[in-house]
Amino acid sequence: MYAGCKQYDFDQIESFWQRFWDKNKTFCVQEDPSKEKYYVLDMFPYPSGTGLHIGHPEGYTASDILARYKHARGYNVLHPMGWDAFGLPAEQHAIKTGINPATNTVNNISVFKKQMKRIGFAIDWEREINTTDPHYFKWTQWIFLQLFKHGLAYVDECPVWWCEGLKSVLANEEVIGGRSERGNFPVVRKNLCQWVLRITRYADKLLEGLSNVDWPDSTKRQQIAWIGKSEGANIFFKIDGHDEEICVYTTRPDTIFGVTFLVLAPEHPLIEKIVAPKFKDGVKKYVKDSQKKSDLERTDLAKTKTGMSTGAYAINPANGEKIEIWIADYVLASYGSGAIMAVPGHDKRDYDFASSYGIAITQVIDESSGDNQLPYVGDGVLINSGRFSGLSSEEARGKIVSWLREIKRADFAQNYKLRDWLFSRQRYWGEPIPIIWIKENDYKAAVANNKFYFKEFLPNEPISNGKDGITYCALPLCTNHLPLTLPPTDNYLPSGDGESPLAKIHSWLNVYVNIETGQIVPAEDFNEKDKNSSWILGRRETNTMPQWAGSCWYYLRYLSPHCETAIVDSNAINYWQTPDFYIGGAEHAVLHLLYARFWHRFLFDIGAVETGKEPFKKLFHQGIILGEDGTKMSKSRGNVINPDEVVNRYGADALRLYEMFLGPLDMMKPWSTKGIEGVSRFLKKVWNEYIDGDGNVRNFHENLSDECQTVVNETIKKVGNDIEGLKFNTAISQMMICLNSIQKAGGFDNASARNFLKILAPFAPHISEELWARLGNNGSIYDTLWPEYDGSKILPTHQKIIVQVNGKMRAELVIDDANMSEDAIFKLAINIGNVKKYIADKKILKKVYVNGTVVNFVVE
RNA sequence: GCUCGAGUGGUGAAAUUGGCAAACACGCCAGACUUAGGAUCUGGUGCCUAACGGCCUGAGGGUUCGAGUCCCUCCUCGAGCACCA
C-alpha cells in the first residue's frame with residue numbers, strides 16, 4: 001500500500017502516510033524490558049491562539065530525527081507531546097470574549113495538534129497530556145501538598161506591585177518606570193499574603209547537580225549565577241553605647257583592617273534604636289524616601305550613591321577602631337544581613353560612597369603589579385593589617401576569621417542570591433491551591449483530636465496567617481479531595497482587593513469541613529441542623545499556581561499518563577526513568593529548568609520517584625529562527641513565516657529538511673524562502689532517482705562503481721555520526737553529495753537505493769515511506785534497522801599527499817604504497833614540475849613530512 | 001561595568017589532532033531542451049590582474065615548517081548578569 005501518485009505529489013504522499021501511522025499506531029510504545037529505552041523530550045508548547053510558529057518545528061524536527069534514528073538503532077523510543085495550557089493569554093482572551101478559557105484552550109490545542117500531525121512527527125499521541133486537565137493537575141496539586149507537608153511551602157507577606165487602574169497585581173516585568181505597561185496606570189507597592197516555596201533549602205543540591213549533567217555551558221553558568229553562592233564570613237561589630245551588635249556578611253574578611261565605616265540598608269531593624277538624636281530627622285526622611293523609590297531606581301548603577309549618617313559608631317573587632325555607621329540604599333536588605341562593612345580602598349561601591357561623603361579610604365592590600373590605584377578589588381598581600389600583614393589575601397581570609405571566631409566576633413558563612421519561589425498568582429486560569437483556611441482554634445482542636453481526617457499532608461508546624469485580627473491556619477486537602485477543580489464563572493476579572501477572581505465565587509469559596517470524615521460541603525448548601533462540633537467553617541485559598549507548576553513534572557506524567565493512583569506508575573518509571581535528551585528554547589534557562597530540577601530533587605528525596613537525582617541529563621537549546629530580514633519575527637514587522645503555508649507550498653518533508661539545513665541547530669539564523677527551494681529540489685531529485693516519468697520504479701544498476709560505493713558508505717557513516725552529534729545541516733549536505741554522485745553515475749544499485757532511503761527517513765519520513773513501499777516492502781520504514789556501512793569501501797586505495805613550499809600548497813602527490821619511506825616521498829615531491837618551479841635554485845633549509853598528509857619544503 | 005559566545009564569498013554556511021579555506025545550498029552568469037520558463041539539465045562563479053602571478057577567514061601582533069583553528073592586544077555584534085558586599 002502506498003499513495004501511488006505518478007509524480008512527487010507531496011500532499012497526497014504525506015497525508016497517506018500520516019493516516020497510516022495513525023491507524024497502525026506506529027509510534028506508540030510500551031515498556032519492553034528486552035530493549036534498551038531512549039526517552040526524547042521536547043519542551044511542550046503553550047497552545048496559543050495564533051497556532052504553531054515556524055520556530056516550533058525546529059526543535060521538534062531535531063528531536064524527531066533523533067527519535068527515529070535511535071529507534072532504527074534498536075532502542076525502544078519514547079517521544080511524547082503535550083500542552084502547557086494554563087496561562088495569562090487564555091485568561092485575557094476569556095476576559096475579552098467571556099468564553100471560558102477551558103473551551104478556548106481545547107480549540108487551540110486541536111489546532112496545534114493538527115498542525116503538528118501535518119509535519120509528521122513520530123509522537124506517541126496516546127500519551128498526550130494537558131496541564132489544565134483535572135486528571136493531570138490533580139497530581140500537580142498532590143505535589144504541592146507534599147511540599148506543604150514537608151515544610152517547603154509557607155505563606156508570607158510579600159510586597160507586590162498593585163495597579164488600582166487594572167485592579168490587579170502585576171509582575172515585575174509588567175511595571176515600567178512606576179506605571180503599568182498596559183494602560184499606563186500608576187502602580188504601588190502593596191503587601192499581600194503569598195504562597196512561597198522554599199527552593200533556597202535546595203540551593204546547594206541544585207548547585208551540585210549541575211556538575212553531573214550534559215548541558216550547554218551558558219545555561220549552567222546562568223543557573224550557577226542565579227543561585228549565586230558565595231563563601232565568606234559573618235562578622236559582629238559592637239555598637240558604641242548600645243548592647244546590640246551589627247552582623248555583616250563579607251566575602252573579603254582579609255580587608256577587615258581597611259574598614260572605615262559600616263552601612264545598613266534603610267530597612268535594617270536596628271536603625272531606629274541606634275540613631276543619634278541629632279540625626280533622627282534626616283534618617284527618617286531618608287528611609288521614607290528610599291521606600292518610595294522603585295527597585296529600578298534603587299538599583300540604577302548610573303546614579304550617584306546616596307546615604308545618611310546615623311551618628312552612631314561601631315567598633316571594628318580586628319583593631320578596636322571606632323567607625324561611623326551610615327545608612328544607604330545601595331545596601332540591600334534582602335541579601336546577607338542587610339548590613340556591610342565598607343572597605344573603600346578595595347571595593348568599588350564603598351569607594352564611590354566614601355568619595356562623595358569624604359570618608360577615609362585606607363589601603364590594606366598590596367597589589368602585585370604595584371600601580372596601587374584605589375580601589376583595588378583583587379587579591380594581593382596584606383599591609384597595614386597588624387600581625388596579618390605580609391599574608392596573601394587567601395591565607396589571611398582563613399586566619400582572620402579563625403581568630404575572630406575564637407574571640408566570638410565572627411564565623412564562617414555562605415550566602416545565596418537565590419530567593420524563595422513566590423508561588424501564588426491572583427488569577428483564575430491556574431491550578432487552584434488545595435488549601436482551606438480555618439480559624440487557628442479550630443485547627444488546634446482538630447489536630448489534638450485523634451479522629452482528625454486531614455492528617456495526610458499535615459506539616460509539623462501549622463502555616464498560619466492573620467487577617468482582621470484573627471489567625472487562620474492552612475488545612476490541606478487530602479488525596480481523596482483532589483483534583484480541586486476551578487468553579488465555572490463568567491467573570492474572569494480579578495476581584496479588585498488583591499485576590500483572584502475565585503474570591504468572588506462564594507459557592508466555591510466558603511465551605512463547611514467535617515474534620516472527622518473529611519467531608520466538604522459548600523456553606524450555602526450546609527444545613528444548620530447538621531451542625532455539630534465536627535463541622536467547621538472554612539474559606540478556600542483563592543490564589544492559583546503560577547504557570548511553571550504544570551511544567552515542573554510533565555516529563556514524569558508521560559510515562560503513565562492515565563495512572564490514577566500515583567503521579568507516575570512505578571513500573572513505568574523503573575523502565576523509562578528520566579529523559580535521555582531534552583530540547584527547548586534557551587529562554588527557560590533559569591525559570592522552568594531550575595523549578596523542575598527543584599521539584600524532581602524533592603520528589604526524589606521523599607521517594608516519590610526512583611530515578612537519578614537530576615531530571616534532564618542532556619539538554620540542548622535550538623537557536624531562534626529570524627525573519628528573512630534578519631530581525632526577530634513579529635506581526636508588526638510583517639516578517640512572520642507561517643508553517644502551514646510552507647507545508648502547503650513545499651510539503652512537510654521539505655519544511656523539516658530545510659529547518660535542519662538552515663545552519664547549526666543551536667545558532668540563531670534567518671529564514672530564507674529561496675533557500676527552501678534548494679531542499680525541495682533535492683527531494684524531487686530523490687524521487688526521480690527511484691520513480692520514472694510514468695510512476696514506475698526504475699531499474700537499478702547491477703553494480704555501483706567503486707567511487708560511488710565509497711560515497712554511499714561514507715554517507716551512511718557521516719549521517720549516523722552527525723545525527724549523534726546533532727549536526728543535521730552537514731548530514732543533509734552529505735546526502736546531497738551522495739545523491740549528486742549517484743545521479744552522475746546514472747542511478748543507484750539495489751542495496752544503495754534501500755540504504756539511502758533508510759538514512760533519509762528520519763529527516764524526510766513521508767517520501768521515504770512512500771518510496772520504501774514502492775520498492776516492494778511491507779510495513780513502515782520506521783521499523784527497519786539503520787544500515788551498517790562497509791568500512792573497507794571507505795578507505796582510499798591510494799594516499800594523497802599535499803606538497804607545500806614555504807607552507808603554501810603547490811602540488812598533490814599520489815602514492816600507492818602507504819609505507820613509502822620519507823626520503824622516497826621527498827624525492828618524488830621535489831621533482832613535480834610546479835614544486836621545482838618554486839624551489840628553483842633556492843637553498844632548501846628544511847624538509848617536513850607529516851605521515852600520509854603533507855610535505856613541506858622550507859626554502860630561503 | 002562584569003562574564004560568556006560569535007565575526008569566513010553577493011547570501012545561509014562547511015572545514016579530525018594546527019595540514020588543499022569556502023564542501024553543500026541559495027543567488028548570479030552562460031549554454032542546452034523548449035511556444036514559454038518561476039520546470040529540468042550542463043558549465044562557470046572569493047578578491048585584484050590583460051596575463052604571469054599575487055592577496056584572502058573583523059584589525060594588528062606573536063608561536064609554528066605550516067594558523068580560520070593556539071597565545072596577546074584591540075574593534076564590532078549577540079546573549080546573560082547587573083550595587084549580591
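Numbering of residues starts from 1 in every chain and runs along the sequence as written. As they are written, the chains are lettered A onward and the ligands numbered 1 onward, keeping that order. With the structure being a predicted model, the display of local features is reserved for residues of pLDDT at least 70 and the display and counting of side-chain atom pairs for 80 or more, all residues being used for whole-chain, interface and lining totals. Only hydrogens and water are removed before side-chain values are computed, so all heavy atoms of the structure are retained for them.

A. Seen up close, the overall build of chain A. Helix and strand definitions here come from DSSP, where helices need a minimum of 4 consecutive H or I residues and strands a minimum of 2 consecutive E residues; each element is numbered from the N-terminal end. Each helix and strand counted, chain A has 28 helices and 33 strands in total. Counting only C-alpha atoms and orienting by the principal axes, one finds that chain A spans roughly 100 × 90 × 50 Å. Contacts are assigned to residue pairs that have any heavy atoms within 4.5 Å of one another. Relative to all contacts within chain A whose residues are 6 or more apart in sequence, the contacts with residues 24 or more apart total 72%. We treat Lys and Arg as the positive residues and Asp and Glu as the negative residues; His and chain ends play no part in the count. Charged groups are reduced to one reference atom each: NZ for lysine, CZ for arginine, CG for aspartic acid, CD for glutamic acid. The centroid of the 99 positive side-chain charges in chain A is displaced by 2 Å from the centroid of its 106 negative side-chain charges.

B. Up close: empty space enclosed by the protein. Both cavities and pockets are sets of points on a 1 Å grid over the protein atoms alone; in a cavity a 1.4 Å probe fits but cannot get out, in a pocket the set is open with protein on both sides within 12 Å along at least five of seven lines, and lining residues sit with an atom within 4 Å of a point. Grid points are joined across faces, edges and corners, and a volume is the space filled by probe spheres set on the points. Considering all chains together, one arrives at two cavities of 30 Å³ or more under this definition. Empty space within the largest cavity amounts to approximately 100 Å³. Around the largest cavity, the lining residues are Arg68, Ala72, Lys758, Ala761, Pro762, Pro765, Ile781, Tyr782, Thr784, Leu785 and Trp786. Basically, the charged four are Asp, Glu, Lys and Arg, the nonpolar ten are Ala, Val, Leu, Ile, Met, Phe, Trp, Tyr, Cys and Pro, and anything else, Gly included, counts as polar. When its residues are assigned to classes, the lining of the largest cavity shows eight nonpolar, one polar and two charged. There is about 40 Å³ of room inside the second largest cavity. In this structure, the second largest cavity is lined by Val712, Thr715, Ile716, Cys738, Phe748, Ser752, Asn755, Phe756 and Ile759.

C. Structural context of the protein's contact with RNA strand B. Any residue with a heavy atom positioned within 4 Å of a molecule or strand is treated as near that molecule or strand. In the vicinity of RNA strand B, 51 residues are found, and the nearest of them are Arg221, Thr251, Arg349, Lys417 and Lys800. Distance and chemistry together define a polar contact, namely a pair of N or O atoms within 3.5 Å, with one atom able to donate a hydrogen and the other to accept it when in protein, and with adjacent residues in sequence counting only for side-chain atoms on both sides. For RNA strand B, a phosphate oxygen lies 3.0 Å from a polar atom in the side chain of Ser230. Thr251 is positioned with one of its backbone polar atoms (N or O) 2.5 Å from a sugar or linking oxygen of RNA strand B. Residue contributions to the surface near RNA strand B peak at seven residues, all from helix 23 (residues 728–745). Residues of the surface near RNA strand B, tallied by class, amount to 21 nonpolar, 13 polar and 17 charged.

D. Representation of the layout of surface pockets within the structure. In this model, the second largest pocket occupies a volume close to 450 Å³. Taken together, 20 residues make up the lining of the second largest pocket; nearest its centre are Cys193, Asn465, Lys467, Glu499 and Arg539. Elements that contribute at least two residues to the lining of the second largest pocket include exactly strand 5 (153–163), strand 9 (187–197), strand 21 (464–467) and strand 25 (535–540). Broken down by element, the lining of the second largest pocket gets its largest block of residues, four residues, from strand 9. Considering only residue class, the lining of the second largest pocket consists of six nonpolar, seven polar and seven charged.

E. Focus on the side chain of Arg557. As for its position among the elements, Arg557 is in helix 16 (residues 554–557). Relative accessibility decides the category of a residue: with a 1.4 Å probe and only protein chains considered, values under 20% of the type maximum give buried, values over 50% give exposed, and everything between is partly exposed. Take a side-chain nitrogen of Lys or Arg and a carboxyl oxygen of Asp or Glu: if they are within 4 Å of each other, that pair is a salt bridge. Comment: no salt bridge for buried Arg557; closest opposite-charge side chain is Glu564, at 5.3 Å. With sequence-adjacent residues up to four places away left out, Arg557 is seen in contact with Ile129, His135, Tyr136, Trp139, His562, Cys563, Ala566, Ile567 and Val568.

F. Quick look at the sheet that holds strand 1 (residues 37–42). Strands qualify as paired when DSSP identifies two bridges or more between them. Across the sheet, which stays open at both edges, the four strands sit in the order 2-1-26-27 with parallel pairing between neighbours. Because the sheet does not close on itself, it has two edges, and the strands there are strand 2 (76–78) and strand 27 (619–620). Where strand 26 (residues 581–583) lies against strand 27, two bridges are found, and the strand directions are parallel. Along strand 27, the bridge assignment pairs Tyr582 with Leu619.

G. Local environment of helix 22 (residues 706–724). End to end, helix 22 covers 27 Å across 19 residues, agreeing with the expected 27 Å (1.5 Å per residue, within 8%). Every buried residue belonging to helix 22 is among Cys708, Gln709, Val711, Val712, Asn713, Thr715, Ile716, Val719, Gly720, Asp722 and Ile723, and all of these are buried. Of the surrounding elements, those touching the buried residues of helix 22 are helix 2 (56–72), helix 23, helix 24 (750–760) and helix 26 (791–794). In the segment just after helix 22, Leu726 is the residue with positive phi, at about 60°. To estimate how far a helix should reach, multiply one less than its number of residues by 1.5 Å.

H. Examining helix 7 (residues 217–227) more closely. When we look at burial in helix 7, the residues that qualify are Thr219, Lys220, Gln223 and Ile227. Considered in projection along helix 7, the buried side chains sweep an arc of 100° and stay on one side of the axis. In this structure, helix 7 carries Asp217 and Arg221 as exposed residues pointing more than 90 degrees from its buried face. Buried residues belonging to helix 7 abut helix 6 (203–209), helix 18 (591–605) and strand 27. Gly228, located one to two residues past helix 7, shows a positive phi value of around 60°. It is the directions from the helix axis to the C-beta atoms that the arc portrays.

I. How the structure looks around the nonpolar core. Core analysis: the biggest nonpolar cluster contains 188 residues, and Phe144, Trp195, Trp599, Trp671 and Phe756 have the highest contact counts within it. With nine residues, the single largest contributor to this core is helix 5 (residues 134–149). We define the nonpolar core as a collection of buried residues of types Ala, Val, Leu, Ile, Met, Phe, Trp, Tyr and Cys that are connected through side-chain atoms lying within 4.5 Å of one another. The next biggest cluster of nonpolar side chains, apart from the first, holds 49 residues, and it includes Ile246, Phe257, Tyr286 and Ala339.

J. How the structure looks around the sheet that holds strand 22 (residues 470–476). Read from one edge to the other, the open sheet built from six strands follows the order 21-22-20-25-23-24, with strand pairing classed as antiparallel. Edge positions in the sheet fall to strand 21 and strand 24 (520–522), since each of these pairs with one other strand and no more. Neighbour-to-neighbour, the strand axes of the sheet open up by a mean angle of 40°, direction not taken into account. Against the sheet, helix 13 (residues 440–448) touches strand 20 (435–439), strand 22 and strand 25, its axis set at about 100° to strand 20. The axes are straight lines fitted to the C-alpha atoms, using for helices just the contacting stretch, and the angles between their N-to-C directions are given from 0 to 180°.

K. Region of interest: the environment of Ala225. Summarising the element assignment, Ala225 is placed in helix 7. Between the alpha carbons of Ala225 and Tyr416 there is a distance of 9.6 Å; along the sequence they are 191 residues apart.

L. Looking closely at the confidence of the model for chain A. By definition, pLDDT measures how confident the predictor is in each residue, and it falls between 0 and 100. For chain A, per-residue confidence averages 91 on the pLDDT scale, and 96% of positions sit at 70 or higher. Interface predicted TM-score (ipTM) for the complex: 0.95; the corresponding pTM is 0.93.

M. Up close: the pairing of strand 12 (residues 261–264). Of the two faces of strand 12, the one carrying Phe261 and Val263 and the one carrying Leu262 and Leu264 are both buried. Sheet topology places strand 12 next to strand 14 (residues 322–328); four bridges connect them, and they run parallel. Of the residues in strand 14, the one forming a bridge with Phe261 is Glu324. Taken together, the four bridges between strand 12 and strand 15 (residues 339–342) define a ladder with antiparallel strand orientation. Across the sheet, residue Val263 finds its bridge partner in strand 15, namely Ile340.

N. Examining the state of the cysteines more closely. Count a disulfide wherever a pair of cysteine sulfur atoms falls within 2.5 Å. Summed over the entire model, instances satisfying the criterion amount to zero disulfides. The closest cysteine sulfur to the non-disulfide-bonded Cys28 is located on Cys563, 18 Å from its own sulfur.

O. Representation of the pairing of strand 31 (residues 808–815) in the model. Relative to strand 31, strand 30 (residues 799–805) is paired through seven bridges, and the arrangement is antiparallel. Within strand 31, the position partnered with Ile801 by the bridge is Leu813.

P. Spotlight on the packing of aromatic side chains. For Phe, Tyr and Trp, rings pair up if their centres lie within 6.5 Å, where Trp contributes its six-membered ring, and each pair is then called stacked (planes under 30 degrees apart), edge-to-face (over 60) or tilted (otherwise). In the structure shown here, the tally under the stated rule is 53 aromatic pairs. Ring plane angle 40° and centroid distance 5.9 Å describe the contact between Phe452 and Phe454, whose orientation is recorded as tilted. A relative accessible area of 4% means that Phe452 is categorised as buried. Both rings, one in Tyr690 and one in Phe748, keep their centres 5.0 Å apart while their planes meet at 40°; by these two values the pair is tilted. Here the residue Tyr690 occupies a position in helix 21 (residues 673–690), and Phe748 occupies one in the loop between helix 23 and helix 24, the gap between them amounting to 58 residues. What makes Tyr690 buried here is its relative accessible area of 0%. The class for Phe748 is buried, based on a relative accessible area of 0%. Counting every residue linked through ring pairs, the aromatic cluster contains Phe144, Phe148, Trp195, Tyr202, Trp421, Phe423, Trp437, Trp548, Tyr595, Phe598 and Trp599. The criterion is that NZ of a Lys, or CZ of an Arg, lies within 6 Å of the ring centre and within 35 degrees of the ring normal, and then a charge sits over that ring. Taking NZ or CZ as reference, Arg198 lies 4.1 Å from the ring centre of Tyr154, over its face. One cation-aromatic arrangement involves Lys322 over Tyr313; the distance from NZ or CZ to the ring centre is 5.3 Å.

Q. Representation of the packing of helix 23 against helix 24 within the structure. Relative orientation of the contacting elements helix 23 and helix 24 amounts to 160°, with a least axis distance of 11 Å. Taken together, the axes of helix 23 and helix 24 lie roughly antiparallel to each other. Classified by chirality, the crossing of helix 24 by helix 23 is left-handed. Touching Met735, Cys738 and Leu739 of helix 23 are Phe756, Ile759 and Leu760, all from helix 24. For the contact of helix 23 with helix 24, the per-class residue count stands at six nonpolar, no polar and no charged. Throughout, the term roughly parallel applies to angles under 35 degrees, roughly antiparallel to angles over 145, roughly perpendicular to angles from 65 to 115, and oblique to all others. Crossing handedness: left-handed means the near helix sits turned counterclockwise from the far one by under a right angle, and right-handed means the same turn made clockwise.

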